[in-house]
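Chain and residue survey
Okay, here's what each chain looks like letter by letter:
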Amino acid sequence: MGWRVRAIRGAITVPCNSAEAICTAVTELLDTLEHRNALDPAELVSVVFSVTPDLNAAFPAQFARRRPGWELVPLLDVQQMEVIGALPRCIRVLIQLNTPLSQADIQHVYLGGAQELRPDLSPV
């Protein structure tokens, strides 16, 4: 199979609405996604972050932009729609990339309280 555009999903919860907490969470999430999927920033097509309405202290993309090789990656921050009873203080990410991996080989990452979003993909 040749290279294709694929997508990787991930999410993490943040303990509080502060720039420091958002930075720490984004760094942990992207470090884990990069490690598990052997990401090459040169192959990233675009990255979209969404945050729940209770997170407004900083843009996740500002911290992603600091990563080596991510300077030219198109990044976008959006607000997740507000749904009653939804998981609070959650950052989600959608990474579109060029990769030889099949969809079955992509490793999505859900950390902290975000594991409840996709228990089928979270470690036991």
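Let us look at the structure shown here. Bear in mind that the values here come from a model prediction, so they are computed numbers and not experimental data.

Each value, and the rule that gives it
- Residues numbered from 1 in each chain as written.
- Predicted model: local features only at pLDDT ≥ 70, side-chain atom pairs only at ≥ 80, totals over all residues.
- Heavy atoms only, no water.
- Pairing = 2+ DSSP bridges.
- Helix = DSSP H or I, 4+ residues; strand = E, 2+ residues; numbered from the N terminus.
- Axes fitted to C-alpha atoms, helices over the stretch in contact; angles between N-to-C directions.
- Contact = heavy atoms within 4.5 Å.
- Salt bridge = Lys/Arg side-chain N within 4 Å of Asp/Glu carboxyl O.
- Buried < 20%, exposed > 50% of the residue type's maximum accessible area, 1.4 Å probe, protein only.
- Polar contact = N/O pair within 3.5 Å; in protein donor to acceptor, adjacent residues only side chain to side chain.

1. With respect to the sheet that holds strand β2 (residues 44-51)
Here we have five strands laid out as an open sheet, ordered β3-β2-β4-β1-β5, and mixed in their pairing. Among the strands making up the open sheet, the edge pair consists of β3 (75-79) and β5 (109-111). Each adjacent strand pair in this sheet contributes to an overall mean axis angle of 15°, direction not counted. Where strand β1 (residues 4-13) meets strand β4 (residues 90-99), ten bridges bridge the pair, whose relative direction is antiparallel. By the bridge assignment for β4, A7 is matched with Q96. Along the sheet, helix α1 (residues 19-37) contacts β1, β2, β4 and β5; its crossing angle with β1, the most-contacted strand, is approximately 140°.

2. A closer look at the pattern of salt bridges
The final tally for this structure, using the stated rule, is three salt bridges. Ionic pairing is found between D120 and R118, a salt bridge with its closest N-O pair at 2.6 Å. Residue class for R118 comes out partly exposed when judged on its relative accessible area of 32%. One continuous salt-bridge network, built from bridges that share partners, spans D31, E34 and R67.

3. Some points on the side chain of S46
Tracing the backbone through its elements, the reader meets S46 in strand β2. Accessibility expressed as a relative area gives 17% for S46, which makes it buried. At 2.7 Å, the side chain of S46 forms a polar contact with the side chain of Q96. Beyond its immediate chain neighbours, meaning those up to four positions away, S46 contacts P74, L94, I95 and Q96.

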